[in-house]
Amino acid sequence: MNIVFYSPTRARAQQWEEKLKAQGLQFKAQHWNTDSTPAGVGDADYAVVWLPPEQLFQHHTHLKAVFNVGAGADAILKLHSLPDHLSVVRLDDEEIGSKMAEYVLYMVARITRGMDHYATAKAEKKWTPAPYAYFSDWPIGLMGLGKIGRQIAGLLSSLGYPINGWARSPRDIKGVTCYHGSDQFTDFLGASRIVINVLPLTDATTGILNMQTFSRMPKGGHIINIGRGEHLDETALLQALDQGQLAGAVLDVFRQEPLPESHPFWTDARIHVTPHISGATNLDQAMKQIAAKIKALQEGKAISGIVDRRTGY
Ligand code: GLV
């Protein structure tokens with residue numbers, strides 16, 4: 001069995017190979033190098049990738065499945081060279097959702113408890129406790145109610161935050177006031193002081209965090225974007241902050257990554273920037289999952305995590 005690996009960071013792909021081998025999977029590894037595309041047709045049975053180039057699918061035409069080393073497979077799905085019937089498999093373990101929920105809880109507490117204030121207070125040696133923050137004063141809106149969205153909703157609602165959730169189609173989730181479709185988007189936004197985006201990136205969701213969206217939220221709201229940079233209209237965000245429509249933003253993902261040094265977000269005190277780490281991948285878990293799925297496919301068994309090519313997730 002042949003497996004081709006690709007990551008923009010070669011050392012990372014090497015690590016995947018080692019960790020996959022450590023799972024007891026027997027295979028011959030190839031590392032895709034865009035600088036020297038091999039001649040002829042590639043003989044890989046599986047691809048294990050993050051942000052792969054078009055040429056990989058033009059060359060390896062006998063793939064049985066491609067494994068995305070991440071939860072969101074948008075970067076693969078947008079490739080023109082991706083064959084229609086090739087199975088795209090995304091990571092679907094609990095741990096990515098737990099990491100994202102932990103990140104969100106930290107950021108939500110920063111906002112609702114006014115934690116940034118204490119950093120200044122400490123520097124000034126001032127003992128200035130903030131007024132009691134009622135959970136009920138901070139209704140939270142979750143855009144995206146897949147596995148990850150539900151894990152975040154579960155954690156926040158277990159503490160007492162009122163949770164609104166919005167998805168494309170109707171959902172019924174304990175502890176979450178569910179909204180769906182474009183008709184209910186305005187009501188969802190109007191009821192949510194902090195809006196968290198975990199939607200998959202598709203044609204329908206690109207640019208969904210825009211001025212119209214912000215203007216439907218209660219004045220002085222916050223957004224947390226841990227989906228994809230392309231969900232956000234960056235100019236509209238700056239405008240909404242300038243107008244006071246939004247009070248702050250937490251951004252983990254960006255249209256251009258790494259965020260260029262000249263980007264205004266770096267120096268804007270209203271914007272909290274982290275380098276795409278909210279759902280960091282546990283590589284041991286990821287390779288364990290991929291090894292088990294490859295074994296299952298080799299035995300003709302069904303696997304979870306295959307992306308629905310019509311919806312894009
Ligand atoms: C990270 O962005 C992922 O999709 O896992």
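Residues numbered from 1 in each chain as written. Predicted model: local features only at pLDDT ≥ 70, side-chain atom pairs only at ≥ 80, totals over all residues. Heavy atoms only, no water.

Colleague: What should I look at first to understand the overall build of the chain in this one?
Modeller: Within the chain one finds 10 helices and 12 strands. For the chain, the spread of C-alpha atoms along the principal axes amounts to about 65 × 45 × 35 Å. Counting over 313 residues, the chain shows a buried share of 47%. In the chain, 61% of the contacts between residues at least 6 apart in sequence involve partners at least 24 apart. (Helix = DSSP H or I, 4+ residues; strand = E, 2+ residues; numbered from the N terminus. Buried < 20%, exposed > 50% of the residue type's maximum accessible area, 1.4 Å probe, protein only. Contact = heavy atoms within 4.5 Å.)

Colleague: Honestly, the site of the ligand in this entry has me stumped. Any pointers?
Modeller: The ligand sits among W50, G70, A71, G72, R228 and H276. Between the ligand and G72, the relevant distance is 2.7 Å, taken from an oxygen atom to a main-chain nitrogen or oxygen of the residue. Contact distances for the ligand include 2.5 Å between an oxygen atom and a side-chain N or O atom of H276. Across the complex, the protein chains shield 86% of the 200 Å² of accessible surface that the ligand would expose by itself. Tallied by class, residues from the shell around the ligand come to 2 nonpolar, 3 polar and 1 charged. (Near = heavy atom within 4 Å. Polar contact = N/O pair within 3.5 Å; in protein donor to acceptor, adjacent residues only side chain to side chain. Areas by Shrake-Rupley, 256 points an atom, 1.4 Å probe, with all protein chains shown as cover. Nonpolar A, V, L, I, M, F, W, Y, C, P; charged D, E, K, R; others polar.)

Colleague: Looking at this structure, I do not really get the sheet that holds strand β2 (residues 28–31). What am I missing?
Modeller: Strand pairing within a sheet occurs via backbone hydrogen bonds; the two strands may be parallel or antiparallel. As summarised here, the arrangement of the 5 strands in space is β2-β1-β3-β4-β5, forming an open sheet in which the pairing is parallel. Every other strand in the sheet has two partners, leaving β2 and β5 (87–89) as the edge strands with one partner each. The sheet shows a mean angle of 20° between the axes of neighbouring strands, direction not considered. Examined bridge by bridge, strand β1 (residues 2–6) and β2 share 4 bridges and lie parallel to one another. Bridged to V4 within β2 is Q30. Across the sheet, helix α1 (residues 10–21) touches β1, β2 and β3 (46–49), and the angle it forms with β1 is around 145°. (Pairing = 2+ DSSP bridges. Axes fitted to C-alpha atoms, helices over the stretch in contact; angles between N-to-C directions.)

Colleague: Even after reading the chapter, I still don't get the sheet that holds strand β10 (residues 221–225), so can you show me in this structure?
Modeller: Taken together, the 7 strands give an open sheet; going across it, the order is β8-β7-β6-β9-β10-β11-β12, and neighbouring strands pair in parallel fashion. Two strands bound the open sheet, and with one partner strand each, they are β8 (176–180) and β12 (271–273). Within this sheet the neighbouring strands show an average axis-to-axis angle of 15°, counted without direction. Taken together, the 5 bridges between β10 and strand β11 (residues 246–251) define a ladder with parallel strand orientation. Bridge assignment links H222 to a residue of β11, and that residue is G248. Along the sheet, helix α6 (residues 147–159) makes contact with β6 (140–143), β7 (163–167), β8 and β9 (194–197), crossing β6 at roughly 170°.

Colleague: Teacher, can you tell me more about the nonpolar core here?
Modeller: What tends to happen in soluble globular proteins is that the nonpolar side chains get buried as a cluster. Residues L20, V48, I196 and I224 are the most contacted members of the largest nonpolar core, which totals 49 residues. With 8 residues, the top contributor of residues to this core is helix α4 (residues 94–112). Here this core spans two domains, since at least three of its residues come from each of domain 1 (2–93 + 281–298) and domain 2 (95–273). Counting 25 residues, the second largest nonpolar core, distinct from the first, contains F188, A236, L246 and A249. (Core = buried A, V, L, I, M, F, W, Y, C linked by side-chain atoms within 4.5 Å. Domains from an automatic or database assignment.)

Colleague: Even after reading the chapter, I still don't get the domain arrangement of the chain, so can you show me in this structure?
Modeller: You'll often see interface size given as the accessible area lost when the parts meet. Parsing the chain into structural domains produces domain 1 (2–93 + 281–298) and domain 2 (95–273). When each unit is reduced to the centre of its C-alpha atoms, the spacing between domain 1 and domain 2 is 32 Å. The partner domain 2 presents 7 residues to the 9 residues of domain 1 that form the contact. Of the roughly 720 Å² buried between domain 1 and domain 2, counting both surfaces, carbon and sulfur atoms make up 46%. (Buried area = accessible area lost by both parts, 1.4 Å probe.)

Colleague: Would you take a moment to explain the packing of aromatic side chains for this structure?
Modeller: Describing an aromatic ring pair means giving the distance of the ring centres and the angle of the ring planes. The full count for this structure, using the stated rule, is 9 aromatic pairs. Taking 6.2 Å as the distance between ring centres and 50° as the angle between the ring planes, the aromatic pair formed by Y46 and F67 counts as tilted. Of this pair, Y46 sits in strand β3 while F67 is found in strand β4 (residues 65–68), placing the two residues 21 residues apart along the sequence. With relative accessibility at 0%, the residue Y46 sits in the buried group. Both rings, one in F254 and one in F265, keep their centres 6.4 Å apart while their planes meet at 55°; by these two values the pair is tilted. Of this pair, F254 sits in the loop between β11 and β12 while F265 sits in the loop between β11 and β12, and the two are 11 residues apart along the sequence. The pair F254 / F265 is uniform in exposure class, with both members buried. Taken together through their ring pairs, the aromatic side chains of W166, Y179, F185 and F188 make up a single cluster. The cationic tip of K21 hangs over the ring face of F27; the distance from NZ or CZ to the ring centre is 4.9 Å. (Phe/Tyr/Trp six-rings, centres within 6.5 Å; stacked < 30°, edge-to-face > 60°. Lys NZ or Arg CZ within 6 Å of the ring centre and 35° of its normal.)

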